[in-house]
Amino acid sequence: MGLIHDTKSNVLTTTVEAAVNWGRKNSLWPMPFGTACCGIELMAALASRSDIARFGAEAIRFSPRQSDLLVVAGRITIKMMPVLQRIYEQMPEPKWVISMGACASSGGVFDTYSVIQGIDQFIPVDVYVPGCPPRPEGLLDGLMKIQKLIEKETFSDYSKRK
Amino acid sequence: MNPQVTAKSLETEKMVLNFGPSHPATHGTLRVIMELDGETVIKATPEIGFLHSGFEKLGEHLDFNQYVTITDRMNYLSPLCNNVAYALSAEKLMNIDVPKRARYIRILMCELSRIADHLLSIGMLAVDIGAFTVFLYGFRLRENIYDLFEAATGTRLTTSYTRIGGLMRDIPEGFETGVAKVLDEVGKVADEIETLLNRNRIWQKRTKGVGVISKENANSYGITGPAARATGVDWDLRIKEPYSDYDEFNFDVVIGVNGDVFDRYLVRMEEIRQSAKICRQVLDKMPGGEVNIDSDSKFVLPPKEDVYNSIEGLIHHFEQIMPNRGMIPPKGESYVATESPNGELGYYIVSDGSRTPYRVRTRPPSLINYSIFSKIMVGGMISDAVAILGSLNVIAGELDR
Amino acid sequence: MAISDLTTRLQEKFQESILDVSEYNGEVSINVKGLVILEILSFLKSDGFNFLVDLTAVDNLTLGGYDRFAVVYHLLSHENVERIVVKAYVPEEKPSLPSVESLWKSANWQEREVYDLYGIEFEGHPNLIRIMNPDEFEGHPLRKDFPRQGREQRKDFPVVERMTRGKRL
Ligand code: SF4
């Protein structure tokens, strides 16, 4: 069509891996699973001051089928765990999981009969964000850690996915 | 719409719809099973307990001051109100009178929390109905209030500010000017939100006449707080049973007429302004002095300077925090009701005279307000569900505990 | 005061059923036998206590009391701005007492909660099923003899594996 006149200055060479990873890491679509107080800080991360859009992750999708980053923010109880597992399984690959806050990561202050002592016993977790609740900055840091993970993915990793 | 007309002109089938628990409008943790005829709800059965984390069991294993941290996590829109309610009940049990300055600071914090709580609950209601901007406007101010909390308590959300016998610490220098600055903004933000919503046609259509609660039902179902006042019940514990020092301030109780979602929204908006009014009065009248009772009473920790600089202070400190020492409450029980942003929040504490409470029960406004949901949902449209849920402001942490 | 007047009237009317009337810090509690709770509360309701504030229970295992469980009703009179506490005692064996759902609708969920957490049954309740814990949960967690960390209920889930076979860095 004659759009590219000058191949010398308009061509960028890269690997497929790098291009795909770059695209993925800057357009994460989070599925917020905010159950308790940490959910409020998750909202704060979305709102005006922290603005998660700077990291390309503002497209909150409440449907697991459309998202690739599960943010578990809050206590997960014995009644909730089957729901969480179901949602994790419904998300399409590739997918990443952030466990936000002490409760999701370890049960936090709630060492009681009904709180799961760490969701990583039952679903895989990629990044843990400490704090009770973590500040929005903490969540953003966790998001950047996920982006770093994505950067390192290789072609063979993709093909190994079922 | 007249249901008979629908039935004739359009054949519909009964259908069961599962709503939640992971649904944006249920805020993660509520589940409603609705039976529908077309789009009309004929039966709605809420299922709760998805966030039941054993708060009350935990209360029997932590000592009186440790439990303050747990109360934060109950209503996370306004944790300070929970701190204060719990401290008041424990102090009534132990017959402690906190200094005036502490009482005033508690009121200031409670009212700031009320503003923050109402802002977020209105914001979420608006998001659920489809007006995202309101949430952003509200959250901007909420962030400023967070900053104040952070300056005073050290953290934004889980404040744990009260202690039995006073406060964790006094408010920092310059706090009052910070509050005054935020208060100036409250009116502006409230105006902004009202300009966006009050006369907005979509907003009116989706909230007026929706989820109407009658006065009788409000009393029978135990509804309290803005949801009850929107129906016309003239009941505000801050006036009727003034706890702390609420009787020294001058403010109006906001009462609605119709008891629908729109009135609940209006009541909340006006309460924001009234709270700002109370805060201003607190700032004007703020007394000086200590915020804790005398540490010789064995109820509060000695001042940190003593602990760090003198052996007596250190011993005193250890005497307080060692597992077999510290405060010994009398045998008895107490219940104090406070007006939290959602309604009557009370703590019922039973003590058997040991370091840990024998039983700590929270009177959860969210649970009791939510129980009317299945009643007012009947006959409504399916899209009313989100509006009603948002307007009842159900906080799962407090709902399930 | 009106409250002392009320308690004497109550004692006259329900002689055998009232165990005693106690006061702590200005809070009056009336201790009654569980089986008559419906009559006593309807009497109080007609006497002006129009609002059921709170309904809960206490397990008296180590505290001592007339019986193992006490179901606690907090009533409020909007008109006189007064509160009163009624405690209905029920035994350890087959704990059950009449439901007050017919007087106040707010009792519905709270009785379910007490049933779930303490195992106390309410006769005449329209829908007495667990509310907080899953239906298949065993035991009643707020009883004093239930361990705080539960009975392994929180470990009882399948493990969902990562779908990638290779290790993600
Ligand atoms: S980690 Fe803390 S703030 Fe987060 S859900 Fe748990 S208790 Fe709440």
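Residues numbered from 1 in each chain as written. Chains lettered and ligands numbered in written order. Predicted model: local features only at pLDDT ≥ 70, side-chain atom pairs only at ≥ 80, totals over all residues. Heavy atoms only, no water.

Structural notes on the overall build of chain A
Piece 1. Assigned secondary structure in chain A consists of 7 helices and 4 strands.
Piece 2. Order of helices (α) and strands (β) in chain A, N terminus to C terminus: α-α-β-α-β-α-β-α-β-α-α.
Piece 3. For chain A, the C-alpha atoms occupy an extent of roughly 70 × 40 × 25 Å along the three principal directions.
Piece 4. Intrachain contacts of chain A at a sequence separation of at least 6 include 79% that bridge at least 24 residues.
Piece 5. Here chain A has roughly 7100 Å² of accessible surface; of this, 58% comes from carbon and sulfur atoms. (Helix = DSSP H or I, 4+ residues; strand = E, 2+ residues; numbered from the N terminus. Contact = heavy atoms within 4.5 Å. Areas by Shrake-Rupley, 256 points an atom, 1.4 Å probe, with all protein chains shown as cover.)

Side note on the overall build of chain C
Piece 1. Looking only at helices and strands, chain C features 3 helices and 7 strands.
Piece 2. The helix and strand sequence of chain C, counted from the amino end, reads α-β-β-α-β-β-β-β-α-β.
Piece 3. For 169 residues, the compact-globule estimate of 2.2 N^0.38 gives 15 Å, and chain C exceeds it by more than 25% at 20 Å.
Piece 4. Expressed as lengths along the three principal axes of its C-alpha atoms, the size of chain C is roughly 80 × 35 × 30 Å.
Piece 5. In chain C, which comprises 169 residues, the proportion classed as buried is 56%.
Piece 6. Look at the contacts in chain C between residues 6 or more apart in sequence, and 51% of them connect residues 24 or more apart. (Rg over C-alpha atoms; globule rule 2.2 N^0.38 Å. Buried < 20%, exposed > 50% of the residue type's maximum accessible area, 1.4 Å probe, protein only.)

Side note on the sheet that holds strand β2 (residues 31-37) of chain B
Residue and element names in this part refer to chain B.
Piece 1. Taken in spatial order, the 3 strands make up an open sheet running β1-β2-β3, and their pairing is antiparallel. The strands lining the two open edges of the sheet, one partner per strand, are β1 (14-19) and β3 (40-47). In this sheet, adjacent strand axes meet at a mean angle of 20 degrees when their direction is disregarded.
Piece 2. One ladder, built from 6 bridges, connects β1 with β2; its direction is antiparallel. Across the sheet, the residue bridging to K14 is D37, located in β2. (Pairing = 2+ DSSP bridges. Axes fitted to C-alpha atoms, helices over the stretch in contact; angles between N-to-C directions.)

Concerning the site of the ligand
Piece 1. Taken together, 13 residues form the shell around the ligand, and within it C37, C38, A102, C103 and C132 of chain A come nearest.
Piece 2. With respect to the ligand, its neighbouring residues span chains A and B.
Piece 3. Residue contributions to the shell around the ligand peak at 3 residues, all from helix α5 (residues 101-106) of chain A.
Piece 4. Here the residues of the shell around the ligand sort into 8 nonpolar, 3 polar and 2 charged. (Near = heavy atom within 4 Å. Nonpolar A, V, L, I, M, F, W, Y, C, P; charged D, E, K, R; others polar.)

Considering the pairing of strand β1 (residues 30-34) of chain A
A regular strand places its side chains so that they alternate between the two faces of the sheet.
All names here are of chain A.
Piece 1. Taken across its 5 residues, β1 has 5 buried, putting it largely inside the fold.
Piece 2. Residues P30, P32 and G34 line one face of β1 and the alternating positions M31 and F33 line the opposite face, and both faces are buried.
Piece 3. Where β1 meets strand β2 (residues 69-73), 5 bridges bridge the pair, whose relative direction is parallel. The residue bridging G34 from the neighbouring strand is A73, located in β2.
Piece 4. Crossover β1 to β2 through helix α3 (residues 37-46) is left-handed. (Right-handed = clockwise from strand over helix to strand, strands pointing away.)

Some thoughts on helix α6 (residues 132-153) of chain B
Piece 1. Taking 1.5 Å per residue, 22 residues should reach 32 Å; α6 of chain B reaches 30 Å between its end C-alpha atoms and fits that length.
Piece 2. Following α6 of chain B by one or two positions, G154 of chain B has its phi on the positive side, about 100 degrees. (Expected span 1.5 Å × (residues − 1).)

Notes on the side chain of K25 of chain A
Residues and elements named next belong to chain A.
Piece 1. With respect to the element layout, K25 can be found in helix α2 (residues 16-25).
Piece 2. A distance of 2.6 Å separates the side chain of K25 from the side chain of E151, its partner in a polar contact.
Piece 3. Once residues lying within four places of it in the same chain are set aside, the contact partners of K25 are F55, Q147, I150 and E151. (Polar contact = N/O pair within 3.5 Å; in protein donor to acceptor, adjacent residues only side chain to side chain.)

Things to note about the sheet that holds β1 of chain A
Residues and elements named next belong to chain A.
Piece 1. The sheet built from 4 strands is open, its strands ordered β1-β2-β3-β4 with parallel pairing. A single partner strand is all that each edge strand has here, and the edge strands are β1 and β4 (127-129). Taken pair by pair, the neighbouring strands of this sheet meet at an average axis angle of 15 degrees, ignoring direction.

Some remarks on the interface of chain B and chain C
Piece 1. Across the contact, 46 residues belong to chain B and 44 residues belong to chain C.
Piece 2. Of the roughly 3800 Å² buried between chain B and chain C, counting both surfaces, carbon and sulfur atoms make up 55%.
Piece 3. Summed over the three residues of chain B that lose the most area to chain C, namely K57, E333 and Y358 of chain B, the buried surface amounts to 19% of that side.
Piece 4. For the interface between chain B and chain C, the tally reads 8 salt bridges.
Piece 5. Put simply, E113 of chain C and R401 of chain B hold a salt bridge, and the shortest N to O gap is 2.8 Å.
Piece 6. Our count for the contact surface shared by chain B and chain C stands at 26 residue pairs in polar contact (both at pLDDT 80 or more).
Piece 7. In terms of residue count, strand β6 (residues 331-340) of chain B provides more of the side of chain B that touches chain C than any other element does, 6 residues in total.
Piece 8. The class makeup of the residues in the side of chain B that touches chain C is 19 nonpolar, 12 polar and 15 charged. (Buried area = accessible area lost by both parts, 1.4 Å probe. Salt bridge = Lys/Arg side-chain N within 4 Å of Asp/Glu carboxyl O.)

Concerning the pairing of β6 of chain B
All names here are of chain B.
Piece 1. For β6, the tally of buried residues reaches 9 of 10 residues, placing the bulk of the element in the interior.
Piece 2. In this structure, β6 lies alongside strand β7 (residues 343-352), joined through 10 bridges in antiparallel fashion. Within β7, the position partnered with A337 by the bridge is G346.

A word on the environment of Q281 of chain B
Residue and element names in this part refer to chain B.
Piece 1. Counting through the fold element by element, Q281 comes out in helix α12 (residues 261-285).
Piece 2. In this structure the C-alpha to C-alpha distance between Q281 and L108, which are 173 residues apart in sequence, comes to 9.3 Å.
Piece 3. Residue contacts for Q281: discarding those within four places in its chain leaves F249 and N250.

Notes on the pattern of salt bridges
Piece 1. All chains considered together, the criterion is met by 43 salt bridges over all chains.
Piece 2. Linking R273 of chain B and E270 of chain B is a salt bridge whose minimum nitrogen-to-oxygen distance equals 3.5 Å. Within this pair, R273 of chain B and its partner E270 of chain B are both found in helix α12, separated by 3 residues, close to a single helical turn.
Piece 3. Overall, R273 of chain B belongs to the partly exposed group, its relative accessible area being 24%.
Piece 4. In this structure E270 of chain B comes out as partly exposed when scored by relative accessible area, which is 27%.
Piece 5. With a shortest N-O distance of 2.5 Å, D116 of chain C and R130 of chain C are connected by a salt bridge. Taken together, the positions of D116 of chain C in helix α3 (residues 107-118) and R130 of chain C in the segment after β7 (121-123) put the pair 14 residues apart, joining distant regions of the chain. Comparing D116 of chain C with R130 of chain C shows no difference in burial state: the two are buried.

So, the nonpolar core
Piece 1. Among the nonpolar cores identified, the biggest contains 129 residues, and Y370 and F373 of chain B are the most heavily contacted of them.
Piece 2. Counting the residues that make up this core, at least three belong to each of domain 1 (15-45) and domain 2 (46-95 + 98-292 + 330-400) of chain B.
Piece 3. The contact partners of Y370 of chain B, leaving out residues within four places of it in the chain, are L30, R31, V32, P46, I48, L389, L392, V394 and L399 of chain B together with W109 of chain C.
Piece 4. One finds V97 of chain A together with L44, Y118 and F157 of chain C within the second-largest nonpolar core, a separate group that totals 63 residues. (Core = buried A, V, L, I, M, F, W, Y, C linked by side-chain atoms within 4.5 Å. Domains from an automatic or database assignment.)

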